[in-house]
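Residue-level structure breakdown
Spelled out, the chains give:
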Amino acid sequence: MSNEELFKKIFEEKFNKEEIKKEIISKEFVKENNKKIKLMPILKLALAPICLTIIIGGFIIFGGKKVSKPDIIFQENNSTQIYVNKIKENSLARLDCDIKTISKTEKLDDSNNNNTANSSQQFEVLKSLKVPEDFNNIEYNLIYVSDNENNKTANIEDAREKKYNVLNNYNFIYYNEKSERSINISFSNKNEPIRDYFFIEENSKTSKINNIEFKIYNYEKTYFTKFIYNNYYFDIETSNITQEELITLLTSIIN
Amino acid sequence: MLDQETLKIFEKLYEETYENILKYVVCSCSNIEDVKDIVQTIYLEVIKKLKKDASFKITKQYIFGIAKNKINSYYRFNYKAKIVSLFSSKNNEKEIEIIDNIPDEFDLQAYLINKNNVEIIWDFLKKKKVIIFKIFYLYYYCNLKIKDIASTLNISEANVKNYLYRTLKELASFMKYGGENNV
């Protein structure tokens, strides 16, 4: 191979047109997915304060509560029972966070038959993770927050100077080729993962797997849950996966 | 929602402009690691515009306008460093140190990199000055002549040749004497 061919190959590989296009479309998908949740009617009314809080952080907006009576969807024994709390309307609340994300995207290894993520294997806590077979892509993020004590700021210009020096949590997003199905797992053994919304929990029913208790919420095609397992805080959000896939996912983490 | 029609228009625009936008970003950036991020940000903005107003005719010039703004804001917000345009400053010459006196008829194939290891060569190039990376990209990927590279990067032809020759020589030696083991 000549130098011309070699370097051409390197640049083609590293700035791969098709790969970059896929990443753009998948980012757009994730953005839309988030927006769908974030811009529910009650939040639209609060759009002006949200714009401000993106910069200065820390505002909390509460939503109403509308959780319908949950049905049990899975029961193995008394220590494993899964309920899904369906959200009818406007029960999301939002917390705007001041964070910085460092992202990488990679392809899952085809030889990995049970779709356990390579990148996640470095984390013992995800060693048995099972995601659906068609989830061939993974994006992993490090979520940093600023050290509040050293970064107190009064205006926008100062806010841009902020240092995001505290690693708050890890975040793995698994998704299929068309980016239409995804699983978003945030975790940390030190802090509760940052999420920019939460639920009012009245009327909701608690699920458990091996006596680890948690609550699952469902809004349209999205499931949300958070729990503590093996001294790790987990926060999971899925899009367009089935209840069976959700159960497989949760039981693969809590085992 | 990104519907099929919007997606189709986006893919067409992407197909028509990707190489030129990539070249523009590579030549304008001050850190090679940022290139992919910036390119993605530019095209996400294109999608945003398409979604907002489907009837708006997005031209290549319009996308270049987005690219210019995105590069500026990327460096303003992410690094707090002002971007130095390689297209407008003559000062770049001063920073370049000419070591070798390369004859006009120098042979780049004299230092043939015969180990086909993408990752090692990529890492080697990334660690070099960003101007060297740009020269390699323009020479080997964009097939630009040395004269055109000099004009694009606003440096002398002698410097382009110097950087190409010297880096190839270094890379050939690096690969020959255990480059793979060192990485």
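Residues numbered from 1 in each chain as written. Chains lettered and ligands numbered in written order. Predicted model: local features only at pLDDT ≥ 70, side-chain atom pairs only at ≥ 80, totals over all residues. Heavy atoms only, no water.

Regarding its fold elements, chain A presents six helices and 13 strands. Buried positions account for 47% of the 255 residues belonging to chain A. A sequence separation of at least 24 residues applies to 66% of the contacts in chain A between residues at least 6 apart. Accessible surface computed for chain A: about 13100 Å², of which carbon and sulfur atoms make up 48%. (Helix = DSSP H or I, 4+ residues; strand = E, 2+ residues; numbered from the N terminus. Buried < 20%, exposed > 50% of the residue type's maximum accessible area, 1.4 Å probe, protein only. Contact = heavy atoms within 4.5 Å. Areas by Shrake-Rupley, 256 points an atom, 1.4 Å probe, with all protein chains shown as cover.)

Next up on the list: the environment of B:Val160. All names here are of chain B. Of note, Val160 is situated in helix H8 (residues 157-176). Spatially, the C-alpha atom of Val160 lies 9.6 Å from that of Tyr139, the residues being 21 residues apart in sequence. If we skip the residues at most four places from it in the chain, Val160 touches Ile135, Ile146, Ile149, Ala150 and Ile155.

Of note in this structure, A:Asn211 is not a glycine but carries a positive phi near 65 degrees. According to the relative accessible area criterion, A:Asn211 is exposed, its value standing at 51%. Positive phi outside glycine occurs at B:Asn154, with the angle close to 60 degrees. Tracing the backbone through its elements, the reader meets B:Asn154 in the loop between helix H7 (146-153) and H8.

This next bit is on the environment of A:Tyr83. Residues and elements named next belong to chain A. On the secondary structure map, Tyr83 appears in strand S3 (residues 80-86). Judged by relative accessible area, Tyr83 falls into the buried class, the value being 12%. Here the alpha-carbon distance between Tyr83 and Ser204, two residues 121 residues apart in the chain, equals 9.1 Å.

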